[in-house]
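Spelled out, the chains give:
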Amino acid sequence: MNNPDLIQLLNNYRKQQKCLIGFNVNDIYDLKAVALAAEEANCPVMAMTYPPVVELNSSLLCKKMVEGIQPYTKQPIYLHLDHSVSVDMCKQAIDDGYDSVMIDGSQKSLKENIAMTKEVVKYAESAGVLVEAEIGKIMGRDVVVKSDADFLASVDDVKAIVEEANPHIMAVGIGTSHGFTPTTPQIHFDRLSEIAEAVSVPLVLHGGTGIPDEDIQKSITMGVAKLNVGTIVHTTYMKELYNEISKDINGAYPPYLMKDVIPRIKNVVLDRLNAVNLELQY
Ligand code: 13P
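Keep in mind that this is a model prediction, so the values were computed, not measured.

Okay, the overall build of the protein chain next. Within the protein chain one finds 12 helices and 8 strands. Against the globule reference of 19 Å for 282 residues, the protein chain gives a C-alpha radius of gyration of 18 Å, in line with a compact fold. Expressed as lengths along the three principal axes of its C-alpha atoms, the size of the protein chain is roughly 60 × 40 × 35 Å. Buried residues in the protein chain amount to 56% of all 282 residues. Here the analysis covers contacts within the protein chain between residues at least 6 apart in sequence; of these, 70% occur between residues at least 24 apart. Distance between charge centroids for the protein chain: 2 Å, based on 25 positive and 37 negative side chains.

Let's shift gears to the UniProt feature "binding site: Zn(2+) 1" (unreviewed entry) in the protein chain. Mapped onto the present numbering, the UniProt feature "binding site: Zn(2+) 1" (unreviewed entry) falls on His-83, His-178 and His-206. Annotated residues spanning 124 residues; largest pairwise C-alpha distance 11.8 Å, indicating a single compact cluster. Turning to its location among the elements, His-83 is positioned in strand β3 (residues 77–84). If we skip the residues at most four places from it in the chain, His-83 touches Tyr-50, Pro-51, Met-102, Asp-104, Glu-134, Ile-138, His-178 and His-206. At 3.2 Å, the side chain of His-178 and the side chain of His-83 are in polar contact.

Okay, the sheet that holds strand β1 (residues 20–24) next. Consider a sheet: its strands pair through backbone hydrogen bonds, and that pairing is either parallel or antiparallel. Strand order in this closed barrel of 8 strands is β1-β2-β3-β4-β5-β6-β7-β8, and the pairing throughout is parallel. On average, each strand axis in the sheet is inclined to that of its neighbour by 25°, with strand direction left out of account. In the sheet, strand β7 (residues 203–205) pairs with strand β8 (residues 224–229) via 3 bridges, with the strands oriented parallel. The partner of Val-204 across the bridge, within β8, is Lys-226. Of the strands in this sheet, β4 (100–103) and β5 (130–135) are in contact with helix α6 (residues 110–125), which crosses β5 at around 175°.

The next point concerns unusual backbone geometry. A positive phi angle, close to 55°, is found at Gln-17, a residue other than glycine. If you trace the backbone, Gln-17 turns up in the loop between α1 (6–16) and β1. One non-glycine residue with positive phi stands out, namely His-83, at about 50°.

To continue, consider the pattern of salt bridges. Evaluation of the coordinates by the stated rule reveals 11 salt bridges. Between Glu-240 and Arg-264 there is a salt bridge, with the nearest N and O atoms lying 2.7 Å from each other. Of this pair, Glu-240 sits in helix α11 (residues 231–247) while Arg-264 sits in helix α12 (residues 254–276), placing them 24 residues apart in sequence.

Among the 6 residues in β5, 6 count as buried, and that is most of the element. Of the two faces of β5, the one carrying Leu-130, Glu-132 and Glu-134 and the one carrying Val-131, Ala-133 and Ile-135 are both buried. Sheet topology places β4 next to β5; 3 bridges connect them, and they run parallel. Counted as the bridge partner of Ser-100 is Leu-130 from β5. Here β5 pairs with strand β6 (residues 169–172) via 4 bridges, running parallel. Bridge pairing in β6 links Ile-135 to Val-172.

A two-sided burial pattern is seen for β4, the buried positions comprising Ser-100 and Met-102 on one face and Val-101 and Ile-103 on the other. Pairing of β3 with β4 involves 3 bridges; the strand directions are parallel. Along β4, the bridge assignment pairs His-80 with Ser-100. In this fold, β3 hands off to helix α5 (residues 87–95), which returns the chain to β4; that crossover is right-handed. Handedness of the β4-α6-β5 crossover: right-handed.

With that settled, the discussion passes to the site of the ligand. Near the ligand, the surroundings consist of 16 residues, among which Asp-82, Gly-179, Thr-209, Gly-230 and Thr-231 are the closest. The backbone of Gly-179 places a nitrogen or oxygen atom 2.7 Å from an oxygen atom of the ligand. Note that an oxygen atom of the ligand is positioned 2.5 Å from one of the side-chain N or O atoms of Thr-231. Starting from 300 Å² of accessible surface for the ligand in isolation, the protein chains cover 100%. Among the secondary structure elements, those contributing two or more residues to the shell around the ligand are β3 and β8.

What counts as what
- Residues numbered from 1 in each chain as written.
- Predicted model: local features only at pLDDT ≥ 70, side-chain atom pairs only at ≥ 80, totals over all residues.
- Heavy atoms only, no water.
- Helix = DSSP H or I, 4+ residues; strand = E, 2+ residues; numbered from the N terminus.
- Rg over C-alpha atoms; globule rule 2.2 N^0.38 Å.
- Buried < 20%, exposed > 50% of the residue type's maximum accessible area, 1.4 Å probe, protein only.
- Contact = heavy atoms within 4.5 Å.
- Lys, Arg positive; Asp, Glu negative; His and termini not counted.
- Charge placed at Lys NZ, Arg CZ, Asp CG, Glu CD.
- UniProt positions renumbered as here; feature names shortened; annotations may be inferred.
- Polar contact = N/O pair within 3.5 Å; in protein donor to acceptor, adjacent residues only side chain to side chain.
- Pairing = 2+ DSSP bridges.
- Axes fitted to C-alpha atoms, helices over the stretch in contact; angles between N-to-C directions.
- Salt bridge = Lys/Arg side-chain N within 4 Å of Asp/Glu carboxyl O.
- Right-handed = clockwise from strand over helix to strand, strands pointing away.
- Near = heavy atom within 4 Å.
- Areas by Shrake-Rupley, 256 points an atom, 1.4 Å probe, with all protein chains shown as cover.

So, in structure tokens, the structure goes:
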């Protein structure tokens, strides 16, 4: 099956105020949970691999993994490389058949960020692969910020990278964080609105685990067409697996444990799909 064109899909989503969710996956089991949830929710999904997953397994194996899981759903599973700071890793993923790559130059100067993004966009063009770039910073993990100016995406910078490097979609730092957040993230909707006014590319919201549903829905009406969700998926996977293993460490046999764990991961994925697809809620 050939999946519908992702670049076109996200451009349409921005216009229609719809949103694709990218789920960070680590192996065949959480990927299978994502596929089963897509089938149940009847909507396309994106499976995203962080660089450590690619370093451990190779982008080719990740691509084969998605090909192998695709028959579990009639819905497209788009494969995306998430937060790659390496141009070479993006190029390899493009060569290995990824649908989409993110070149994350957000920790670099604007000039370097534009140059890296330009190089990946040029490389991706003939393969028809989508390129995501980032301006501003997503807080959490090793990204420490002291003031708004440290993370908030500047409208001028977003305009500059879109005009000079032509990425297909733009991740913007507007106050969200990766991972569980001790307090509700304060999203700068005023800045999101200014950015959406300035550029017509679909916008991407990172840090989906900690964002309240009403803020997700509001951002979708303001130009966000892709939402990234990771932590809630892998922590559910790890906690549920740990609980199952703890019951009988010597009898722990992976396929039997995963039979119970996969549906629990699937429920979390489904819950997030329902948060963006209001008409699916039941
Ligand atoms: P969370 O881990 O907070 O869900 O964010 C995921 C993400 O933004 C990946 O790029």
